[in-house]
Amino acid sequence: MSHRGAFIVIEGLDRSGKTTQTETIQKRIQEAGKEVVCIKFPDRSTSIGKMIDSYLRSQSNLDDHVVHLLFSANRWELASTILAHLKQGKVVLCDRYAFSGIAFSVAKNLPPINLAWARAPDASLPSPDLTLFLDISPEAAQSRGGYGEERYEKEGMQRRSQERISDGKGGGKGTWIIVDAGRDMSAVTEEMWVHIRPLLDGLDTPVGRLWD
Ligand code: TMP
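Residues numbered from 1 in each chain as written. Predicted model: local features only at pLDDT ≥ 70, side-chain atom pairs only at ≥ 80, totals over all residues. Heavy atoms only, no water.

This brings us to helix α1 (residues 18–31). Since the α-helix packs 3.6 residues into each turn, any two residues three or four apart lie on the same face. Taking 1.5 Å of rise per residue, 14 residues should cover 20 Å, and α1 covers 20 Å from first to last C-alpha, within 8% of that figure. Listed as buried for α1 are Lys18, Gln21, Thr22, Ile25 and Ile29. The arc that holds every buried residue of α1, seen down its axis, measures 105 degrees, which confines them to one face. Those residues of α1 that are exposed and angled more than 90 degrees off the buried face are Lys27 and Glu31. Residues of α1 that are buried in the fold lie against β1 (7–12), β2 (36–40), β3 (91–95), β5 (130–135) and α8 (185–196). Within two residues after α1, Gly33 carries a phi angle of roughly 85 degrees, on the positive side. (Helix = DSSP H or I, 4+ residues; strand = E, 2+ residues; numbered from the N terminus. Expected span 1.5 Å × (residues − 1). Buried < 20%, exposed > 50% of the residue type's maximum accessible area, 1.4 Å probe, protein only. Arc of directions from axis to C-beta. Contact = heavy atoms within 4.5 Å.)

Another point: the confidence of the model for the protein chain. The predicted model of the protein chain has a mean per-residue pLDDT of 93, with 97% of residues at 70 or higher. For this predicted complex, the interface confidence comes out at an ipTM of 0.99, alongside a pTM of 0.96. (pLDDT = per-residue confidence, 0-100.)

This part is about the nonpolar core. Ranked by internal contacts, the top residues of the largest apolar core, which has 25 residues, are Phe7, Ile39, Phe41, Ile82, Cys94 and Tyr97. Only β1, β2, α3 (64–87), β3 and α4 (98–106) provide two or more residues apiece to this core. When residues in this core are grouped by element, the largest group, 5 residues, is from α4. Excluding residues that lie within four positions of it along the chain, Ile39 makes contacts with Leu78, Ile82, Val92, Leu93, Cys94 and Asp95. (Core = buried A, V, L, I, M, F, W, Y, C linked by side-chain atoms within 4.5 Å.)

Of note, the bond from Phe41 into Pro42 is cis; its omega dihedral lies within 30 degrees of zero at 0 degrees. The step from Leu210 to Trp211 runs through a cis peptide bond, and the omega angle for that step is -5 degrees. The residue Trp211 is located in the segment after β7 (208–209) in this model. In the Ramachandran plot, Ser58 falls in the positive-phi region, its phi being about 60 degrees despite a non-glycine side chain. Summarising the element assignment, Ser58 is placed in the loop between α2 (47–56) and α3. Using a relative accessible area of 46% as the deciding quantity, one classes Ser58 as partly exposed. Here Ser124, not a glycine, exhibits a phi torsion of approximately 85 degrees, which is positive.

All right, on to the pattern of salt bridges then. As enumerated under the stated definition, the model contains 13 salt bridges in all. A salt bridge links Asp14 to Arg96; the nearest nitrogen and oxygen atoms lie 2.7 Å apart. One end of the pair, Asp14, is in the loop between β1 and α1; the other, Arg96, is in the loop between β3 and α4, with 82 residues separating them in the sequence. Assessed through its relative accessible area of 9%, Arg96 is described here as buried. Here Glu155 ties to Arg159 by a salt bridge, and the two come within 3.9 Å at their closest N and O atoms. Taken as a pair, Glu155 and Arg159 lie in helix α7 (residues 155–164) at a separation of 4 residues, close to a single helical turn. Its relative accessible area of 33% is what places Arg159 among the partly exposed residues. (Salt bridge = Lys/Arg side-chain N within 4 Å of Asp/Glu carboxyl O.)

Next up on the list: the packing of α1 against α8. Geometry of a packed helix pair, given as the angle between the helix axes and the separation of the axes. Contact geometry for α1 and α8: axes closest at 10 Å, N-to-C directions at 55 degrees. When the interaxial angle is binned, α1 and α8 end up oblique. Regarding α1 and α8, the two cross each other, and that crossing is right-handed. Residue-level inspection shows Thr20, Gln21, Thr24, Ile25, Arg28 and Ile29 of α1 in contact with α8, the latter providing Met185, Val188, Thr189, Glu190, Met192, Trp193 and Ile196. Tallied by class, residues from the contact of α1 with α8 come to 7 nonpolar, 4 polar and 2 charged. (Axes fitted to C-alpha atoms, helices over the stretch in contact; angles between N-to-C directions. Parallel < 35°, antiparallel > 145°, perpendicular 65-115°, else oblique. Left-handed = near helix turned anticlockwise from the far one by under 90°. Nonpolar A, V, L, I, M, F, W, Y, C, P; charged D, E, K, R; others polar.)

Around the ligand, 14 residues are found, and the nearest of them are Lys40, Arg44, Arg75, Arg96 and Gly101. Residue Arg44 places a side-chain N or O atom 2.9 Å away from an oxygen atom belonging to the ligand. Summarising the interface, the protein chains cover 94% of the accessible area of the ligand, which totals 480 Å² for the free molecule. Of all the elements in the fold, those that place two or more residues in the shell around the ligand are α3 and α4. No other element matches the 3 residues that α4 contributes to the shell around the ligand. (Near = heavy atom within 4 Å. Polar contact = N/O pair within 3.5 Å; in protein donor to acceptor, adjacent residues only side chain to side chain. Areas by Shrake-Rupley, 256 points an atom, 1.4 Å probe, with all protein chains shown as cover.)

In structure tokens:
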């Protein structure tokens, strides 16, 4: 049986270094001679992604449940693409996934969104083989240049979502690794690489499904 590619997710708060690390790891995987596809959620290029983008920029208002479902639908839009890349043996490296979806929705103040409800729309999505959670305190994240203008880039929201981001980790058979992202970038990259490198030759197990 030919090996499929590995599905790797990088999660973390805004300013945790997620996007920079994703780019660095992408280059490393390429230098190792492997094909890699990078995906970022939300994918703001689709029609659903454009609605999410407008909401995040506070150009439109949506009920919290509606926006939660849009974030999930945005993942479903790309689910078959992710599976196709994995089948072709490519590594799929993904900046944020369902764990962010749950954490940010459940972290909202009022009315609270129920965890079981929040997890449900992502059930059966491709499950990552490895999730690297870049852990940084909201204070340290903010000191890296402050949060931007978007709706969730506020200390309270970041702190509450940090507390909830592992709520999804019990699901799926993949590995969940917490990486201390408060250190310098290269130390964080090296630790991430230790977990990623063994997956580069592919896997012979089927892709799992959230939240089996
Ligand atoms: P970004 O800054 O990585 O583009 O993410 C935009 C914001 O959207 C960020 O504050 C996290 C939030 N988010 C959700 O609320 N639900 C989700 O499902 C995802 C993927 C992101």
